[in-house]
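# Fold and geometry: a report
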Amino acid sequence: MWSSLFSGGSSAEKMLQESTFTVNGATVTVGNEVSVTTSLTSYLRETLKLTGTKLNCDEGTCGACIVVAKIQRPGATVKEMVSINSCLVPVHSCHGWEITTIEGVGNRLGYHEVQTKLAQNNGTQCGFCTPGFVMNMFSLVSDDKKPTMQQVEDSFGSNICRCTGYRPILEAYKEMASDAPPPHLKKQCADIEDIFKTCTKTGKPCAGDCKKIEPQSIKINLGAESWRKVIKIEDLFAAFAEIGQEKYKLVAGNTGEGIYRSQNVTVYIDIKDIPELSQVITTPVFTVGANKTLTEAIRVLKGQAGANGYAYLTEIAKHWEDIASLPIRNIGTLAGNLALKKEHPDFPSDVFTILEAVGAQLNILTGVNTRVKLTLPGFLNYNMSKKVIESVEFASLDQTYTLRTFHVLPRSQSFVSHVNAAFLIKVTSATSWDLAEAPRLVFGGIGAQFIHASATELLLKGKNLLDAAVVTQAISTLKGEVVPDQVKPGTSTDYRKKLAVGLFYKFLLGLDPDKVNPLYRSGADIITRPLSTSTLDYETNESVYPLNQPIPKIEALSQCSGEIEYINDIPERPGELHAALVLTKQSTGTIESYDTAAASGVPGFIAFYSAADLGDIPNTFTPSSVYPQFLDDEEIFCSGSVKYAGQPVGVIVASNRAAAVQAAELIDIKYKNVTKPLLDVMEIVRMTKERIVVSGKDKESEQLLKSAHKVQGKFAIGNQYPLYMENLSCIVVPNEDGFDVYSSTQWMDLDQNVVSRTVGVPATKVKVHVKRIGGGFGGKQSRSAILAAACSFAAKKHNKAVRLILPFTTNIETTSKRFAQRNEYEVGFDNSGKIEYAIINIYQDSGCSRNESPMGIFNAFFTSCYSLEGYKIQPHEIITNKASNGPVRGPGPIEGIAFHDEIMERIAKTLKKDPLEVKLLNMQTMDSPLPGLITELQRKADYAKRKQEVDAFNQSNRWKKRGIAITPMKYPFFLWNHLTSTVSIYQGDGSVSIAHGGIEMGQGLNTKVTQVAAHILGLPIDQISIKESNTITGANNNISGGSIISEGVSYATMKACQILLDRLAPVKATMENPTWLQLIRKAYDTNVNLTAQFLFSRDVPDVKNYNIWGVCISEVEVDLLTGERMISRVDLLEDVGQSLSPLIDIGQIEGAFVMGLGYWLSEQMDFDPDSGRLLQNRLWHYVAPGAKDIPVDFRVYLRKNAPNPLGVLGSKTTGEPAICMSVNVWFAIRNALEAARKDAGGQDVYFDMDHPATNEHIFQASLTDPSQFRL
Ligand SMILES: Cc1cc2nc3c(=O)[nH]c(=O)nc-3n(C[C@H](O)[C@H](O)[C@H](O)COP(=O)(O)OP(=O)(O)OC[C@H]3O[C@@H](n4cnc5c(N)ncnc54)[C@H](O)[C@@H]3O)c2cc1C
Ligand code: FES
Ligand code: FES
């Protein structure tokens, strides 16, 4: 029947019922055994077992899933190798592609340069993001491409790394750029082809002909759904005719699914290989096929820009290079983007905005040979059912036209705009600013209906654009007519209104700089980030090598090749089942019942279990009877009374993950007594005492209320999601001995005990295994036990292995975030700025329980380098309707250090003093090297001169300001753990294995432990191997958290090695200069126990609590017309003692600092006031820093010649302290805004800035208002 659809018949005859492509050179065919929505990631991982490709966000935002595809574009003569987000690619759409995954790039038989470079440059930590970075770089240098350093740096907006802080990744890959300075420049691209593309027949590089798979029509029937690929327009319309009323979707790049998931589609029609939709015609009108990808479109626009009347295309191409990320642009198309705008009018499409501004027109095919031409707004109102956008026509615009476009993103790259704008004007002559016609002023991101600023366009028609009165009138008209829609989550209507006007003003300022007041001129420019640079300054002591030796991570190459295994990479056991958590969508009320009808209809659904099914099983994953650090028994599954939106109520068990996840969404929870959630700590303080716990010690103070000066204020900071790249994962396998638990946890002991209680067996029958986790940051301490409990319950019930891998949204909704805090204070001080008293009330948002709160140890942690003499600090824990908050990197000091510096800055402002003077005056100086370190860093950073330059810049620029600030740090380190290391020497060859009880989560624990063991035993590093952590060799180990793990496990390893050396000493004494192997053999023969274990605890005699010192100087630039900011330079000095491993420590410092930048600048978390649901519950909304958000010039200095007498082998910990110095950037921004507010006529007083310092909060704090806009 299908063949009758085609008039010509030719393609019908060739129609296939399966898609064929290659993966790493092997041909793969997929037919109706694979569902239509199966992504390439799922297929690679689950069917082909190529688990090097990772999954995190599942929406094109994190880059963990990037692979490379060699694609024959329609009409192109050669194939092109491009990076793609495999999570967005339906596997059926890969027909004809040659896919390379990380496994195809290189492995232990031979690594590729894109892998070795990253490993050598210490560009990996937890390694979960690493394959995505490798693959993106692989695409950049494939096909003999030679990117410049700038191109390399611009191309990583596609990838999120939470651990490294990006600097080493960018450095590694810039070394491969065509303009990299020698000696880094290396031969590159030819190698890529050599490694895996040598023809087995000819022995020469593969020409690609053998595997050439022609584009062909495909139809795959999959029950109620079908996948069709058409390669001719005729076939497309034939398919339209055949499908009747079925809901269809055209598939081009399918990247739109990353933003809006299609619902109820039954027919998918792949149109990306229809040549007519990708044609480029240059005359008479420049016309670009609508299904050109953004990457191709940018290329053809640049090519056409040299033609008469098309210079304006350069501006468009430049803007479109900022759309999404490289992998999205590589397959996402113009038509797809425009169709998204049509389907979701509030989508701030950059393509739509710009095409409308330049008056482009769309050709719409209404039939095989019939078409209509539409304007962009006309397209929005046109019925597109069974029609297709064929092409975009660009008019020729002579030199009297000027186009400028803008977009303002929440971070530097790869995020959809708050607002975008494109302005096109035509002047009467080259020397005049009189408008020959009405300008086209188009905005996106304002609202579903807003396109043109029509009133302003009308006003300006025929006017002189640089006439002062006209400008005033235009600004005021524009301000009046831009009325933004409310969006959730998103920025305020007020900000977007002023931003829109600010962008128009920017445009005016840039038209003719000579006619603009010099003070205002720089307002025309957007902040342009130069190429990043970095300096690492440290010394090493070769006499103790391999200790203190700067070596890359021992796992780095396996991480760069995807060879290492995370929980979800463990192969499935036969009959294994999959689970998914069902979450509440309300944060209050009582659960009445569950309607499971829809969920149970999902093919593959097996069961749903809720609290009622637990029976006698203790319903808690935080058993306070076992662990004193838990104050509340939080439920595994909510038994009735809802505590927060996102709380697990039960678990779905299904035959596959997709079914489990889908069914979990379909469980309909019926609630009663739903009330408005309590989300705001101050509202609770006003309303009720019930939810407030006054904790910590209420310090007595001499309140010298008669101080000469007194300030009162508040300091409110929000939540932060840990954003480890490996979402929480767990597999529980019932076996002859009980249960094996593979868990992404920082706390094996908790998982073991929770599973033991849940399945009702002794702890000895539960073995928890953790080889590594893909990041933790505190977020995997206790929450992993929810999964362990749910999964083990299901495993026991079905007597089968059960796997539970949380999707991103489930993970972020159900788990803990950094404690939000609001501090209210009154501080009295004398004329010099010396504090005489401080009364501080701290209100901590604990979430729904008090578990894991730092408040109990508050006085130790909420501290800083200043004397707290005369302070009265009163902590309050407030119970809210949010997920129980928990420790996230640096809990306690991050808040304390920021808060105390806030007070110092405020006093300085009040007294009109330099903040540093006030800080030094109030600093505890006994035993503190800080004054000296501050002076040292000021010198290194050329602080005094740069401060003058900042002041000079601010005086001569009204719309750009710079700020510079110094933040000192004292980070208290406390011993509190219980960690073992078991060291065994093998008599066969003398090699050594270590099984410790810590968790490697990217912090370089295994590398440090290896270096320590090698140092103590006097062996080369490759003789030592670290094994998995588990609850047999690592029984009773405590949490891997609080920065102590590397130190504690290193210490335990050192001691275990020393025990072994002590046992070997008498044997050695009987031998003459034996080799290591001879010694070990003899020891073995004489029955020496070659295994030793040591327990590290706070009782060890030679390691004590100590402080970590640091200083940071940051300089920033802010754009007062948009609120955007750039961190121009950071100098950071940290005291690491004598580092166990300097490169690892630098990695920890940089990574922690950049994670802190996210906290202070962009990672806003809001909760729906009605349901209490987290609004930023997708990575699409959660603004973590990207590669171009880090300091442009990042200089890290390790304090020299300062071994730590209280630490392990002279070292200090590095995992957390540096996050506390990132607040320095916040203060630098404040500093810049001081100057802005002065210019804006604001009062010269300390001002409050909302946390985090997003574009909107910076903009609002700058007091910028359109009424100030003049030329
Ligand atoms: C992470 C991410 C970041 C992004 N950032 C930005 C951004 O900053 N700015 C911006 O503007 N956009 C952004 N986008 C949107 C992106 O540009 C679009 O996803 C992409 O262009 C869609 O093209 P596609 O080929 O993948 O469309 P698909 O996903 O394949 O299709 C999308 C829709 O278009 C329809 N369609 C496709 N081709 C045609 C045709 N020829 N005729 C009629 N209908 C058609 C389909 O039926 C479908 O409804 C982002 C997307 C992602 C995932
Ligand atoms: S998993 Fe594909 S981009 Fe995040
Ligand atoms: S190394 Fe990048 S996320 Fe961990």
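Just so it is clear, the structure is predicted and the values come from calculations on it, not from any experiment.

Turning our attention to the overall build of the protein chain. Along the backbone of the protein chain there are 37 helices and 41 strands. Over its C-alpha atoms the protein chain spans a radius of gyration of 31 Å, differing by no more than 12% from the 33 Å that the globule rule assigns to 1271 residues. Dimensions along the principal axes, computed over C-alpha positions, put the protein chain at roughly 95 × 80 × 70 Å. Counting only residues that meet the buried cut, the protein chain has 64% of its 1271 residues in that class. A separation threshold of at least 6 residues defines the contact pool for the protein chain, and within that pool the share at least 24 residues apart is 77%. Total accessible area on the protein chain is roughly 43,700 Å²; 50% of this is exposed by carbon and sulfur atoms. Positive and negative side-chain charges in the protein chain, numbering 127 and 136 respectively, have mean positions lying 1 Å apart.

This paragraph deals with the pairing of strand E29 (residues 802-805). Side-chain alternation along E29 places Val802 and Leu804 on one buried face and Arg803 and Ile805 on a second face that is also buried. For strand E19 (residues 577-583) and E29, the ladder comprises three bridges, and the chain directions are parallel. Residue His578 lies in a different strand from E29, and its bridge partner there is Arg803.

Once that is clear, we can look at the nonpolar core. Where a protein is soluble and globular, its nonpolar side chains tend to be buried together. If you look at the biggest cluster of nonpolar residues, it comprises 277 residues, and the most contacted ones within it are Tyr173, Phe443, Phe504, Trp1160, Ile1229 and Leu1233. Discounting residues that sit within four places of it in the chain, Trp1160 has contacts with Phe715, Ile717, Ile894, Ala898, Ser1222, Val1223, Trp1226, His1251, Pro1252 and Ala1253. Counting 41 residues, the second largest nonpolar core, distinct from the first, contains Ile298, Tyr310, Leu362 and Ile451.

With that settled, the discussion passes to helix H18 (residues 493-511). Given a rise of 1.5 Å per residue, 19 residues ought to cover 27 Å, and the 28 Å separating the end C-alpha atoms of H18 matches this to within 8%. In terms of burial, H18 is largely enclosed, as 16 of its 19 residues are buried.

This paragraph deals with helix H17 (residues 468-481). Along its 14 residues, H17 runs 20 Å from first to last C-alpha, staying within 8% of the 20 Å computed at 1.5 Å per residue. Taken residue by residue, H17 has Val470, Val471, Ala474, Ile475, Leu478 and Glu481 as its buried positions. Mapping the buried residues of H17 onto a view down its axis gives an arc of 140 degrees, with all of them on the same face. Along H17, the residues that are exposed and aim more than 90 degrees away from the buried face are Ala468, Ala469 and Gly480. Close packing links the buried residues of H17 with strand E17 (440-444), helix H16 (454-460) and H18.

A word on the side chain of Thr491. For Thr491, the location among the structural elements is in the loop between H17 and H18. A polar atom in the side chain of Thr491 sits 3.4 Å from the side chain of Arg496. Once residues lying within four places of it in the same chain are set aside, the contact partners of Thr491 are His418, Arg496 and Glu1256.

Near ligand 1, the surroundings consist of 33 residues, among which Asn254, Thr255, Thr333, Glu343 and Asp350 are the closest. At 2.7 Å from an oxygen atom of ligand 1 is found a main-chain nitrogen or oxygen belonging to Asn254. Backbone polar atom of Gly256 to an oxygen atom of ligand 1: 2.8 Å apart, as the coordinates give it. Relative to its unbound accessible area of 990 Å², ligand 1 is 96% covered by the protein chains. Mapped onto the shell around ligand 1, the elements with two or more residues apiece are strand E8 (248-251), helix H12 (326-331), helix H13 (334-343) and strand E14 (388-394).

All right, on to the pattern of salt bridges then. With the rule as written, the count across this model stands at 69 salt bridges. Arg73 is the salt-bridge partner of Glu296, the closest N and O atoms lying 3.9 Å from each other. Linking Glu296 in helix H10 (residues 294-304) with Arg73 in the loop between strand E3 (66-71) and strand E4 (80-85), this pair joins segments that are 223 residues apart in sequence. Taking relative accessible area as the criterion, Arg73 reaches 6% and is therefore assigned buried. Across the pair Lys913 and Glu917 runs a salt bridge, and its minimum N-O distance is 3.2 Å. The class of Glu917 is partly exposed, set by a relative accessible area of 42%. Look at the salt bridges and you will find they share partners, linking Arg73, Glu80, Lys292, Glu296 and Arg299 into a network.

Before going further, it helps to examine the confidence of the model for the protein chain. Here the protein chain averages 94 in pLDDT, while 95% of its residues score no lower than 70. This stretch, residues 1-12, has a pLDDT under 50; its non-local contacts, to residues over four places away or in other chains, come to 19 contacts. In this model, residues 184-200 is a region of pLDDT below 50 whose contacts with residues beyond four sequence positions or in other chains number 46 contacts.

Cis peptide bonds are those with omega within 30 degrees of zero, and the linkage from Lys488 to Pro489 qualifies with -10 degrees. For Pro489, the position within the fold is in the loop between H17 and H18. A cis amide bond links His1251 with the next residue in sequence, Pro1252, at an omega value of -10 degrees. Checked against the element boundaries, Pro1252 lands in the loop between helix H36 (1223-1239) and helix H37 (1255-1261). Backbone geometry at Ser414 places phi at a positive 55 degrees, although glycine is not the residue there.

Mapped onto the elements, Asn1177 comes out in the loop between helix H35 (1142-1161) and strand E41 (1193-1198). If we skip the residues at most four places from it in the chain, Asn1177 touches Phe808, Thr809, Ile812 and Glu813.

In this section: the sheet that holds strand E39 (residues 1106-1119). Taken in spatial order, the five strands of this open sheet run E18-E41-E40-E39-E33, and their pairing is mixed. Of all the strands in the sheet, the pair left with one neighbour each is strand E18 (533-537) and strand E33 (960-973). Taking the axes of each pair of neighbouring strands and ignoring which way they run, one obtains an average angle of 10 degrees across the sheet. Pairing analysis gives five bridges linking E18 to E41, with the strands arranged parallel. Residue Ser534 lies in a different strand from E41, and its bridge partner there is Phe1194. H36 rests against E33, E39 and strand E40 (1125-1134) of the sheet, and its axis sits at about 150 degrees to E33.

So, about the packing of helix H4 (residues 113-120) against helix H5 (residues 130-141). The N-to-C vectors of H4 and H5 enclose an angle of 130 degrees; their axes lie 9 Å apart at closest approach. Here H4 is positioned oblique relative to H5, judged by the angle of their axes. Between H4 and H5 lies a crossing whose hand is right-handed. Listed contacts from H5 to Val114, Gln115 and Leu118 of H4 are Thr130, Val134, Met137, Phe138 and Val141. Taken together, the residues of the contact of H4 with H5 sort by class into six nonpolar, two polar and no charged.

Right, let's talk about the packing of H35 against H36 for a bit. The geometry of H35 relative to H36 is characterised by a closest axis approach of 8 Å and an angle of 45 degrees between their N-to-C directions. Considered as vectors, H35 and H36 are oriented oblique to each other. Of the residues in H36, those touching H35 at Phe1153, Leu1157, Trp1160 and Leu1161 are Val1223, Val1225, Trp1226 and Ile1229. The class makeup of the residues in the contact of H35 with H36 is eight nonpolar, no polar and no charged.

What follows concerns the sheet that holds strand E16 (residues 419-426). One open sheet holds the three strands; their spatial order is E15-E16-E17, and the pairing between them is antiparallel. Two strands bound the open sheet, and with one partner strand each, they are strand E15 (401-408) and E17. The average undirected angle you get between the axes of adjacent strands in this sheet is 10 degrees. Note: E15 against E16, eight bridges, orientation antiparallel. Across the sheet, the residue bridging to Thr405 is Ala422, located in E16.

Looking now at the packing of aromatic side chains. A complete count under the given rule lists 41 aromatic pairs for this structure. Measuring from ring centre to ring centre gives 5.6 Å for Phe630 and Trp747, while their planes differ by 40 degrees; the resulting arrangement is tilted. Of the two residues, Phe630 sits in the loop between strand E21 (605-610) and strand E22 (648-654) while Trp747 sits in the loop between strand E27 (738-743) and helix H24 (748-759), which places them 117 residues apart along the sequence. Trp747 matches Phe630 in its accessibility class, with the two residues each being buried. Three or more aromatic residues link up through ring pairs in this structure, and these residues are Phe406, Phe423, Phe443, Phe450, Phe504 and Phe507.

Cut-offs used in this document
What you see as residue numbers is a count from 1 along each chain, following the sequence as written. Naming scheme: in the order in which they are written, chains are lettered from A and ligands are numbered from 1. The predicted origin of the model limits local features to residues at a pLDDT of at least 70 and limits the giving and counting of side-chain atom pairs to 80 or more, whereas totals for whole chains, interfaces and linings rest on all residues. Side-chain figures throughout are based on the complete set of non-hydrogen atoms in the structure, without hydrogens or water. Segments assigned H or I by DSSP are reported as helices when at least four residues long, segments assigned E as strands when at least two residues long, and all are numbered from the N terminus. The size measure is the radius of gyration over C-alpha atoms, and the globule rule it meets is 2.2 Å times the number of residues to the 0.38 power. Three labels apply to residues, based on accessible area from a 1.4 Å probe with only protein chains included: buried if under 20% of the type maximum, exposed if over 50%, partly exposed otherwise in between. Only heavy atoms enter the contact rule, under which two residues are in contact if any of them lie within 4.5 Å. What sets the accessible areas is the Shrake-Rupley method with a 1.4 Å probe; for residues, cover comes only from the shown protein chains. When charges are counted, neither His nor the chain ends are considered; positive counts come from Lys and Arg and negative counts from Asp and Glu. In plain terms, the charge of a residue is placed at NZ if it is Lys, CZ if Arg, CG if Asp and CD if Glu. Strands qualify as paired when DSSP identifies two bridges or more between them. Residues grouped as a nonpolar core are buried Ala, Val, Leu, Ile, Met, Phe, Trp, Tyr and Cys residues, joined through side-chain atoms within 4.5 Å. Given the number of residues in a helix, its expected span is that number minus one, multiplied by 1.5 Å. Along the arc lie the directions from the helix axis toward the C-beta atoms. Side-chain atoms alone can form a polar contact between residues adjacent in sequence; in general such a contact is a pair of N or O atoms within 3.5 Å, and within protein one must be able to donate a hydrogen while the other accepts it. Note on definitions. A residue lies near a molecule or strand when any single heavy atom of the residue is within 4 Å of it. For this document, the term salt bridge refers to a Lys or Arg side-chain nitrogen within 4 Å of an Asp or Glu carboxyl oxygen. For every residue, the pLDDT score states the predictor's confidence, bounded by 0 at the bottom and 100 at the top. Here an axis means a line fitted to C-alpha atoms, over the contact stretch when the element is a helix, while the angle between two N-to-C directions is reported on a 0 to 180 degree scale. With respect to orientation, any angle under 35 degrees is reported as roughly parallel, any angle over 145 as roughly antiparallel, any angle of 65 to 115 as roughly perpendicular, and every other angle as oblique. For any helix crossing, the convention is left-handed if the near helix is rotated counterclockwise from the far helix by under a right angle, and right-handed if that rotation is clockwise. Amino acids are sorted into nonpolar (Ala, Val, Leu, Ile, Met, Phe, Trp, Tyr, Cys and Pro), charged (Asp, Glu, Lys and Arg) and polar (every other residue, Gly among them). Between the rings of Phe, Tyr and Trp (Trp by its six-membered ring), a pair exists once the centres lie within 6.5 Å; its type follows the angle of the planes, with under 30 degrees stacked, over 60 edge-to-face, and the other angles tilted.

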